[in-house]
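In case you want the letters, here they are:
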Amino acid sequence: MIQDDIRQLVAYGMKTGLVPKEDEIYTTNRLLELFELDELMEPSGEAQDRDLQSILGRMLDYAYEKGIIKENGVVFRDLFDTKIMGMLMPRPSEVVKTFWDYYKESPRKATDFYYKLSCDSDYIRRYRIIKDVKWVASTEYGDLDITINLSKPEKDPKAIAAARSAKQTGYPKCLLCRENEGYAGRINHPARQNHRIIPVTIQGDTWGFQYSPYVYYNEHCIVFNGQHVPMKIEHNTFCKLFDFVKQFPHYFVGSNADLPIVGGSILSHDHFQGGHYEFAMAKAPVERSFTVKGFEDVEAGVVRWPMSVIRLSGSDTERIIALADVILDKWRGYTDEEAFILAETEGESHNTITPIARKREGRYELDLVLRNNITTEEHPLGVYHPHAKLHHIKKENIGLIEVMGLAVLPTRLKDEMEKLKEAMLAGRDLRSDEVLAKHADWVDEFRSKYDYIDSSNIDKIVEKEIGLVFMQVLEDAGVYKRTAEGQEAFDRFIAGL
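What comes next is a walk through the structure. (Residues numbered from 1 in each chain as written. Predicted model: local features only at pLDDT ≥ 70, side-chain atom pairs only at ≥ 80, totals over all residues. Heavy atoms only, no water.)

Let's shift gears to the overall build of the protein chain. Looking only at helices and strands, the protein chain has 16 helices and 15 strands in total. For 497 residues, the compact-globule estimate of 2.2 N^0.38 gives 23 Å, and the protein chain sits close to it at 25 Å. Taking the principal axes of its C-alpha atoms as reference, the protein chain extends roughly 80 × 60 × 45 Å. Relative to its full complement of 497 residues, the protein chain shows a buried share of 55%. (Helix = DSSP H or I, 4+ residues; strand = E, 2+ residues; numbered from the N terminus. Rg over C-alpha atoms; globule rule 2.2 N^0.38 Å. Buried < 20%, exposed > 50% of the residue type's maximum accessible area, 1.4 Å probe, protein only.)

This paragraph deals with the pattern of salt bridges. Under the defined criterion, the tally for this structure stands at 40 salt bridges. Two residues, Asp-4 and Arg-7, come together in a salt bridge whose shortest N-O distance is 3.9 Å. Here the residue Asp-4 and the residue Arg-7 both occupy positions in helix α1 (residues 2-16), the gap between them amounting to 3 residues, near one helical turn. The class for Asp-4 is buried, based on a relative accessible area of 13%. Arg-7 sits in the partly exposed class, given a relative accessible area of 27%. Taking the shortest distance from any N to any O, the salt bridge between Glu-402 and Lys-394 comes out at 3.2 Å. Under the relative-accessibility criterion, Glu-402 is labelled buried at 8%. Connected via shared salt-bridge partners are Glu-278, Arg-311, Arg-358, Arg-360, Glu-365 and Asp-367. (Salt bridge = Lys/Arg side-chain N within 4 Å of Asp/Glu carboxyl O.)

Within the secondary structure layout, Lys-464 lies in helix α15 (residues 458-477). Taking C-alpha positions, Lys-464 is 38 Å from Pro-107, a pair spaced 357 residues apart along the chain.

For the second largest pocket, the calculated volume is near 610 Å³. Around the second largest pocket, the lining comprises 27 residues; the ones closest to its centre are Leu-18, Leu-88, Met-89, Pro-90 and Arg-91. Here the residues of the lining of the second largest pocket are counted per class, giving 12 nonpolar, 7 polar and 8 charged. (1 Å grid on protein atoms, 1.4 Å probe; cavity = no way out; pocket = protein on both sides within 12 Å on 5 of 7 lines; lining within 4 Å. Points joined across faces, edges and corners; volume = space filled by probe spheres on them. Nonpolar A, V, L, I, M, F, W, Y, C, P; charged D, E, K, R; others polar.)

Here we take up the state of the cysteines. In the structure shown here, the tally under the stated rule is 0 disulfides. Of the cysteine sulfurs around Cys-119, a residue in no disulfide, the closest is that of Cys-221, at 13 Å. Looking at the unpaired Cys-174, the closest cysteine sulfur is the one in Cys-177, lying at 3.8 Å. Assessed through its relative accessible area of 11%, Cys-174 is described here as buried. (Disulfide = S-S within 2.5 Å.)

A few words now on helix α6 (residues 107-120). If you check α6, its first and last C-alpha atoms are 20 Å apart, about what 14 residues at 1.5 Å a residue would give, namely 20 Å. Following α6 by one or two positions, Asp-122 adopts a phi angle in the positive range, close to 70 degrees. (Expected span 1.5 Å × (residues − 1).)

Next up on the list: the sheet that holds strand β15 (residues 406-409). Reading across from one edge, β1-β2-β15 is the order of the 3 strands in this open sheet, with mixed pairing throughout. Each end of this open sheet is capped by a strand with a single partner; those strands are β1 (133-139) and β15. Taken pair by pair, the neighbouring strands of this sheet meet at an average axis angle of 20 degrees, ignoring direction. Sheet topology note: the strand β2 (residues 142-148)/β15 ladder contains 4 bridges and is parallel. Bridging across to β15, Ile-148 finds its partner in Leu-409. (Pairing = 2+ DSSP bridges. Axes fitted to C-alpha atoms, helices over the stretch in contact; angles between N-to-C directions.)

This next bit is on unusual backbone geometry. Cis geometry is adopted by the peptide bond preceding Pro-172, which originates at Tyr-171 and carries an omega value of -20 degrees. Topologically, Pro-172 is positioned in the loop between α8 (157-165) and β3 (198-202). The phi dihedral of Asp-122 falls on the positive side, at around 70 degrees, and the residue is not glycine. Positionally, Asp-122 belongs in the loop between α6 and α7 (126-129). On the basis of relative accessible area, Asp-122 is assigned to the buried category, the value being 5%. The phi torsion at Glu-219 lies on the positive side, around 55 degrees, for a residue other than glycine. Its place among the elements puts Glu-219 in the loop between β4 (205-211) and β5 (221-225).

Moving on: the pairing of strand β10 (residues 309-314). For β10, a buried count of 6 out of 6 residues is recorded, marking the element as mostly surrounded by other parts of the structure. Taking every second residue as pointing to the same face, both faces of β10 are buried, with Val-309, Arg-311 and Ser-313 on one and Ile-310, Leu-312 and Gly-314 on the other. In this structure, strand β9 (residues 299-303) lies alongside β10, joined through 4 bridges in antiparallel fashion. Bridge assignment links Val-302 to a residue of β10, and that residue is Ile-310. Following β9, the chain reverses through 5 residues before pairing antiparallel with β10.

Now for helix α4 (residues 74-86). Counted at 1.5 Å a residue, the expected span for α4 with its 13 residues is 18 Å, and the 18 Å between its end C-alpha atoms agrees. Among the 13 residues of α4, 11 are classified as buried, and the element is accordingly described as predominantly covered.

Among the nonpolar cores identified, the biggest contains 93 residues, and Leu-9, Phe-35, Ile-84, Phe-209, Leu-312 and Tyr-480 are the most heavily contacted of them. Setting aside residues up to four positions removed in sequence, Leu-9 forms contacts with Leu-31, Leu-52, Ile-55, Met-59, Ile-84, Met-85 and Leu-88. With 53 residues, the next largest nonpolar core counts Ile-148, Val-369, Val-403 and Leu-409 among its residues. (Core = buried A, V, L, I, M, F, W, Y, C linked by side-chain atoms within 4.5 Å. Contact = heavy atoms within 4.5 Å.)

On to the packing of aromatic side chains. Each aromatic ring pair is described using two quantities: the centre-to-centre distance and the angle formed by the ring planes. All chains considered together, the criterion is met by 32 aromatic pairs. Seen from their ring centres, Phe-99 and Trp-100 are 5.0 Å apart, and the 85 degrees between their planes marks the pair as edge-to-face. With a relative accessible area of 23%, Trp-100 lands in the partly exposed category. Here the basic side chain of Lys-246 rests over the ring of Tyr-364, its NZ or CZ set 5.8 Å away from the ring centre. (Phe/Tyr/Trp six-rings, centres within 6.5 Å; stacked < 30°, edge-to-face > 60°. Lys NZ or Arg CZ within 6 Å of the ring centre and 35° of its normal.)

Once that is clear, we can look at the side chain of Asp-325. Within the element layout of this structure, Asp-325 appears in helix α11 (residues 317-332). Despite its burial, Asp-325 pairs with no opposite charge; the closest candidate is Arg-319, at 9.8 Å N-O. Discounting residues that sit within four places of it in the chain, Asp-325 has contacts with His-235 and Phe-238. (Lys, Arg positive; Asp, Glu negative; His and termini not counted.)

Pasting the structure below:
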């Protein structure tokens with residue numbers, strides 16, 4: 001019965017700390033109102049300890065049966081279950097106060113509290129996150145993280161049709177704006193009644209701190225400008241990154257580049273991504289050091305990584321930032337036609353940087369990943385972008401997360417790889433299969449590397465080979481190739497600093 005589910009949900013809220021004991025009756029009555037009920041009946045039997053997903057699932061089924069929600073697709077269900085969870089949530093001011101009270105004890109305690117809240121509230125849908133397919137691929141650059149994203153649900157046809165005809169609105173302006181906090185959502189914009197944002201001060205301005213609902217890695221957070229202003233890599237970017245790291249030294253933080261193709265999916269709103277995780281790039285060593293005149297106190301070196309990365313480190317962030325300014329200014333206008341590095345063509349600028357800041361063993365580090373978004377007829381999606389032969393695995397832009405060594409691969413690959421393995425074991429012609437044909441050349445390339453491929457090893461082989469494709473994706477995205485000629489060209493740029 002729906003009354004039993006209401007009782008269980010309120011009990012869940014009290015168990016997780018979302019609902020204080022004093023708010024038990026109040027929360028129950030809010031849920032009764034939501035489900036258009038006038039009273040709470042006696043329990044139907046012995047209470048069962050159901051998980052949150054089961055409770056919400058039964059509630060959504062009831063809401064659809066009673067006409068409270070008009071459609072039963074995932075988009076409509078997500079909108080309504082977020083509204084349900086919003087009934088359990090404390091006000092933003094209460095969350096903010098608790099966060100900063102914990103912060104007085106330690107930044108780690110504050111983020112632990114906030115991350116738990118973000119999960120318990122179902123803002124981070126843990127039951128979907130665990131469906132993501134994940135593994136680690138060993139490569140010459142270290143262990144790369146591979147994930148096939150399944151936590152973003154596919155829209156059903158009715159939702160797609162409804163979104164097409166829905167009234168277009170500019171509120172909130174984007175998915176990162178503060179106005180999302182508590183927003184009811186609509187067909188073409190997610191509900192956020194269960195979302196709370198922590199205000200933080202970055203370089204004297206108000207920014208927001210929140211977690212990504214998709215959590216691609218541990219405590220994947222987003223730090224965003226309080227104003228809807230576009231991404232821009234500049235002196236203040238480096239200052240802001242280190243300001244955040246000083247406030248939350250157990251987190252790294254980085255920024256997507258500020259140009260299309262090499263930037264993130266949201267260039268219109270200035271934001272960073274961070275978290276409590278050490279990526280393969282952070283673990284990668286400096287393979288050759290160099291000194292820039294006037295900055296002898298800042299350690300600098302080229303990182304052994306498929307992309308072109310300069311790592312700066314030291315105890316004084318102002319000095320690191322000053323050298324980062326020199327490198328950024330130099331790179332913005334740098335052209336080396338021999339290496340096909342062109343600062344601009346037809347008035348369009350191409351060079352930018354993806355920066356990542358962290359604190360490690362008492363010292364500050366800033367990784368500067370050199371990027372260029374030039375396109376050609378041969379590579380219309382970008383010269384320093386996954387090349388066409390790799391598009392069967394990864395075609396999307398290489399943003400901050402991929403740059404650091406985590407492949408976020410499209411959902412389609414889960415089913416495609418299962419079908420591919422079945423076809424390989426059965427000896428079927430891949431090229432005659434409309435879905436699998438795009439993988440045929442790749443399979444032909446790697447098949448000869450193995451003495452045999454059968455049911456005992458095919459899973460590991462396919463995972464390994466996907467990891468090697470992602471390694472090639474990163475090499476394609478590197479402006480200076482991992483060849484003698486490429487590294488010589490990299491050194492030419494460094495020599496000019």
